[in-house]
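# Commentary on secondary and tertiary structure
Chain residues, written in single-letter form:
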Amino acid sequence: MSREVADAGEREVVVYATGLVVCSVCASADMDADAVEAAVNAVSPTGISSEWQCSSDPVFATGEPQPGPCDRLPETRRHWLMEC
Ligand SMILES: [Zn+2]
């Protein structure tokens with residue numbers, strides 16, 4: 001989470017958690033799913049044949065809505081769940 005604090009507001013998207021085939025990103029609230037996907041694939045390529053896509057899951061594993069407001073900058077940023 002410390003990386004998100006340092007970068008939030010300075011970068012369009014920040015990947016703040018990654019798993020094998022999922023990741024969570026913090027992105028500007030004015031970005032739609034297509035913009036988030038393009039930005040995440042640019043800054044953090046999967047390295048495999050499939051690219052990151054916004055998950056159709058309506059909630060994070062934590063139960064929070066997805067996409068949902070950033071916990072630190074809810075006015076200007078949103079969190080998205082991505083999968084590949
Ligand atoms: Zn955030």
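First, a word on scope: everything that follows refers to the structure included in this document. (Residues numbered from 1 in each chain as written. Predicted model: local features only at pLDDT ≥ 70, side-chain atom pairs only at ≥ 80, totals over all residues.)

## Section: unusual backbone geometry
To keep it simple, the criterion reads: Comment: elements are numbered from the N terminus, with helices defined as DSSP H or I runs of at least four residues and strands as E runs of at least two.
The linkage connecting Gln66 with the following residue, Pro67, adopts the cis geometry, with an omega of -5°. With respect to the element layout, Pro67 can be found in the loop between strand 3 (53-54) and strand 4 (68-69).

## Structural notes on the nonpolar core
Let me state the cut-off plainly: The nonpolar core is taken to be a set of buried Ala, Val, Leu, Ile, Met, Phe, Trp, Tyr and Cys residues joined by way of C-beta atoms within 7 Å. Our exposure labels follow a C-beta count within 10 Å of each residue's own C-beta, placed from the backbone: buried means 20 or more other C-beta atoms, exposed means 12 or fewer, and partly exposed covers the counts in between.
One finds Val13, Val25, Ala27, Val36, Val40 and Met82 to be the most contacted residues of the largest nonpolar core, which totals 15 residues. Elements with a contribution of two residues or more to this core: strand 1 (13-18), strand 2 (22-28), helix 2 (33-43) and strand 5 (77-83). Broken down by element, the residue count for this core peaks at four residues, all from strand 2.

## A short note on helix 2
For clarity, the threshold we go by: Each C-beta atom gives one direction from the helix axis, and the arc is the one those directions make. Any two residues are considered in contact once their C-beta atoms, placed from the backbone, lie within 7 Å.
Buried within helix 2 we find Val36, Ala39 and Val40. The buried side chains of helix 2 occupy one side of the element, clustering within an arc of 95° when seen end-on. Set apart from the buried face of helix 2 by more than 90 degrees, the exposed residues are Asp34 and Ala42. The secondary structure elements touched by the buried residues of helix 2 are strand 1, strand 2, strand 3 and strand 5.

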